[in-house]
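A closer look at the structure
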Amino acid sequence: MALAAVTDPAEMLRDPAQEERAREIGRELRCMVCQNQSIEDSDADLARDLRRIVREQVAAGRSDAEVMDYLHARYGDFVLLRPPVKPETWLLWGMPVIALGLGTGMILAIRRRRATAPDAALELSAAERARLRAIEDGKGR
């Protein structure tokens, strides 16, 4: 799948081990155009530029952490598919739990309201009660 985005052989590193390292790093980096794809899976021009930077850094002998740190310093938390957990990103990391809690709370509140509230549709008017008594007594025909 990652090979689908890196279609230009000139873009790939000659050393297969370095190329695999570059792909692994690229799978951890977000395409800032596509936003939900890694740079390895994106065909956007910016993703292509980021892949080139990653491969240049790997070819220069930088470690995986150094390459990630370089891109993180340059583009911020947004470039990371898994941003670090810190006070600035707590809301980002907590939002799924918050949304699930709010949804569960709403469902429980609706169920509780339905269970305790009298159903107005089941209430009969005086005329309807009289007619029902007549039907039950056999006089309603």
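In what follows, the accompanying structure is described. Residue numbers here run from 1 along each chain, matching the order of that chain's written sequence. Thresholds applied to this predicted model are a pLDDT of at least 70 for local features of residues and 80 or more for the giving and counting of side-chain atom pairs; totals over whole chains, interfaces and linings are not thresholded and use all residues. Calculated side-chain values reflect all of the structure's heavy atoms, with hydrogen atoms and water omitted.

Considerations on the overall build of the chain
Stated formally: Only DSSP runs of H or I reaching four residues or more are called helices, and only runs of E reaching two or more are called strands; each is numbered from the N terminus. Only protein chains enter the accessibility calculation, which uses a 1.4 Å probe; a residue whose area is less than 20% of its type maximum is buried, one above 50% is exposed, and one in between is partly exposed. When checking whether two residues touch, look at their non-hydrogen atoms; a contact exists if any pair is within 4.5 Å.
Scanning the chain for helices and strands turns up six helices and zero strands. Along the chain direction, N to C, the helices and strands of the chain fall in the order α-α-α-α-α-α. By the burial criterion, 26% of the 141 residues in the chain qualify as buried. Pairs at least 24 apart in sequence give 47% of the contacts found in the chain among residues at least 6 apart.

Focus: the nonpolar core
Worth spelling out the cut-off: Nonpolar cores were defined as sets of buried Ala, Val, Leu, Ile, Met, Phe, Trp, Tyr and Cys residues, with membership established by side-chain atoms within 4.5 Å.
Counting 18 residues, the largest nonpolar core has Ile25, Leu29, Ile39, Leu50, Val54, Val58 and Leu71 as its most contacted members. Elements supplying a minimum of two residues to this core: helix 2 (16–26), helix 3 (45–59) and helix 4 (64–75). When residues of this core are assigned to their parent elements, the largest contribution, five residues, is made by helix 3. Those residues within four positions of Leu50 in sequence are excluded, and the remaining contacts are Arg30, Met32, Ile39, Leu71, Tyr75 and Val79.

Things to note about the environment of Met32
If you trace the backbone, Met32 turns up in the loop between helix 2 and helix 3. The contacts of Met32, once residues within four sequence positions are left out, are Leu46, Leu50, Tyr75, Phe78 and Val79.

Observations concerning the packing of helix 2 against helix 3
Under the convention used in this document: Structural elements are reduced to axes, namely lines fitted to C-alpha atoms, with helices fitted over the stretch in contact, and the angle between N-to-C directions of any two is expressed from 0 to 180 degrees. Angles below 35 degrees are treated as roughly parallel, those above 145 as roughly antiparallel, those between 65 and 115 as roughly perpendicular, and all remaining angles as oblique. Helix crossings are classified by the rotation of the near helix relative to the far one: an anticlockwise turn of less than a right angle makes the crossing left-handed, while a clockwise turn makes it right-handed. We call Asp, Glu, Lys and Arg charged. Ala, Val, Leu, Ile, Met, Phe, Trp, Tyr, Cys and Pro are nonpolar, and the rest, Gly among them, are polar.
The geometry of helix 2 relative to helix 3 is characterised by a closest axis approach of 9 Å and an angle of 135° between their N-to-C directions. Taken together, the axis directions place helix 2 and helix 3 in an arrangement best described as oblique. For the element pair helix 2 and helix 3, the recorded crossing hand is right-handed. Seen from helix 2, the contacting residues are Gln18, Glu19, Arg21, Ala22, Arg23 and Ile25; seen from helix 3, they are Val54, Arg55, Val58 and Ala59. Of the residues contributing to the contact of helix 2 with helix 3, the split by class is five nonpolar, one polar and four charged.

A look at the pattern of salt bridges
Applicable threshold: Salt bridge, as used here, is a side-chain nitrogen of Lys or Arg placed within 4 Å of a carboxyl oxygen of Asp or Glu.
Counting across every chain of the model gives ten salt bridges. Residues Asp45 and Arg48 are paired through a salt bridge, measuring 2.8 Å at the closest nitrogen-oxygen approach. Taken together, the residues span about one helical turn, with Asp45 and Arg48 both in helix 3 at a distance of three residues. What makes Asp45 exposed here is its relative accessible area of 56%.

Topic: the packing of helix 3 against helix 4
At their nearest, the axes of helix 3 and helix 4 sit 10 Å apart, and the two run at 140° to each other. Judged on the interaxial angle alone, helix 4 and helix 3 are oblique. Here helix 3 runs over helix 4; the crossing is right-handed. The segment helix 3 lies against helix 4, with Leu50, Ile53, Val54, Gln57 and Val58 engaging Val67, Tyr70, Leu71, Arg74 and Tyr75. By residue class, the composition of the contact of helix 3 with helix 4 is eight nonpolar, one polar and one charged.

Focus on the side chain of Arg55
Going by this rule: We define a polar contact as two N or O atoms separated by no more than 3.5 Å, with the added condition that, inside protein, one atom must be a possible hydrogen donor and the other a possible acceptor, whereas residues neighbouring each other in sequence contribute only through side-chain atom pairs.
Inspection of the secondary structure puts Arg55 in helix 3. In terms of polar contacts, Arg55 uses its side chain to reach the side chain of Glu40, at 3.1 Å.

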